[in-house]
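Examination of the molecular architecture
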Amino acid sequence: MRAYGIDLSSPLMLGTALYDSPAILADSVRRGRPGAVTVSLRRESAGLQAGQAFWELVRGFDVPVLPNTAGCHTVREAVTTAQMAREVFETDWIKLEVIGQGDLLQPDVFALVEAARILNEEGFKVFPYMTEDLVVAERLLRAGCEVLMPWGAPIGSGRGLNNLFGLRALRAHFPEVPMVIDAGIGRPSHAVTAFELGFDAILINTAVAKAGDPAAMAEAFRLACDVGQLAKTADPMDERDMAVPSTPTLGKASFAS
Ligand SMILES: CC(=O)[C@@H](O)[C@H](O)COP(=O)(O)O
């Protein structure tokens with residue numbers, strides 16, 4: 001996956017929250033070999049000492065860091081958090097989350113577009129967490145975003161790709177735009193489907209961190225990315241509404257009297 005002129009070594013982006021211990025997170029990164037890890041500034045700055053240790057750990061992974069604005073609910077909060085993240089993590093990449101609805105952690109797409117516009121003007125490379133809405137996509141691109149991050153399903157739900165029709169339409173309308181399925185992916189099979197639909201990368205946190213064996217699950221997702229990407233380049237067949245025989249009848253014995 002190529003984002004803002006930079007090639008990621010893997011299309012797997014891994015969240016760093018919710019792990020039971022730093023060692024489990026480190027093992028998961030080792031076996032998942034993600035192309036980027038995402039880190040929440042808000043969580044890490046909650047306790048200064050712990051935050052510093054965590055940042056050292058992440059730095060040691062030697063994987064590009066995509067800071068995020070998780071937990072922000074307004075344009076102002078998101079912009080300020082992004083500005084602080086740029087200082088702390090020394091990168092102009094930002095995964096922009098502006099949450100508008102608590103039950104589904106659904107993005108506030110109006111605030112998202114406005115925050116994206118401001119941050120793009122300030123030179124950030126914005127990865128906006130969005131619904132699969134075509135109009136929102138168009139506005140985000142107009143605001144300067146070069147990558148889109150449609151949700152698969154609500155954060156932490158593990159439901160996979162909730163709206164296949166909408167995601168297909170989004171992919172088809174903007175074929176040249178790099179797109180990452182972010183949030184809601186629960187299983188490696190969901191990841192394979194995302195690539196088969198033509199998406200370029202996936203971002204996962206809960207499904208790995210809360211698996212019985214997070215490191216093994218991270219590896220499973222890494223393999224799923226390989227399978228999905230291979231299937232995508234192999235150009236999967238189209239679905240049909242009617243059966244079509246796959247066994248040729250030519251040369252078969254005829255039992256007609
Ligand atoms: C860490 C992060 O960025 C999450 O907000 C992200 O959207 C992942 O969602 P899941 O936890 O559902 O994978």
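For the structure, see preceding data.
Worth saying up front: this structure is predicted, and the values here are computed from it rather than measured. (Residues numbered from 1 in each chain as written. Predicted model: local features only at pLDDT ≥ 70, side-chain atom pairs only at ≥ 80, totals over all residues. Heavy atoms only, no water.)

1. Focus on the pattern of salt bridges
Counted only if it meets this: By definition, a salt bridge exists where a carboxyl oxygen of Asp or Glu is found within 4 Å of a side-chain nitrogen of Lys or Arg. Burial classes: relative accessible area under 20% of the type maximum marks a residue as buried, over 50% as exposed, and values in between as partly exposed (1.4 Å probe, protein chains only). Helix and strand definitions follow DSSP, with helices as H or I runs of at least four residues and strands as E runs of at least two, each counted in order from the N terminus.
Under the criterion given, the structure shown has 13 salt bridges. Here Arg 2 ties to Asp 7 by a salt bridge, and the two come within 3.0 Å at their closest N and O atoms. Take Arg 2: its relative accessible area is 47%, and that puts it in the partly exposed class. Here Asp 7 falls in the exposed class, since its relative accessible area comes to 53%. In this structure, Asp 92 and Lys 125 form a salt bridge, with 3.2 Å as the shortest nitrogen-oxygen distance. Here Lys 125 lies in strand E9 (residues 125-130) and Asp 92 lies in the loop between helix H4 (75-89) and strand E6 (93-96), a separation of 33 residues in the sequence. Using a relative accessible area of 23% as the deciding quantity, one classes Lys 125 as partly exposed.

2. Some words on H4
We count it as follows: To estimate how far a helix should extend, the number of its residues minus one is multiplied by 1.5 Å.
Counted at 1.5 Å a residue, the expected span for H4 with its 15 residues is 21 Å, and the 21 Å between its end C-alpha atoms agrees. With its phi angle positive at about 55°, Glu 90 sits one or two positions after the end of H4.

This is a description of form; function is not addressed.
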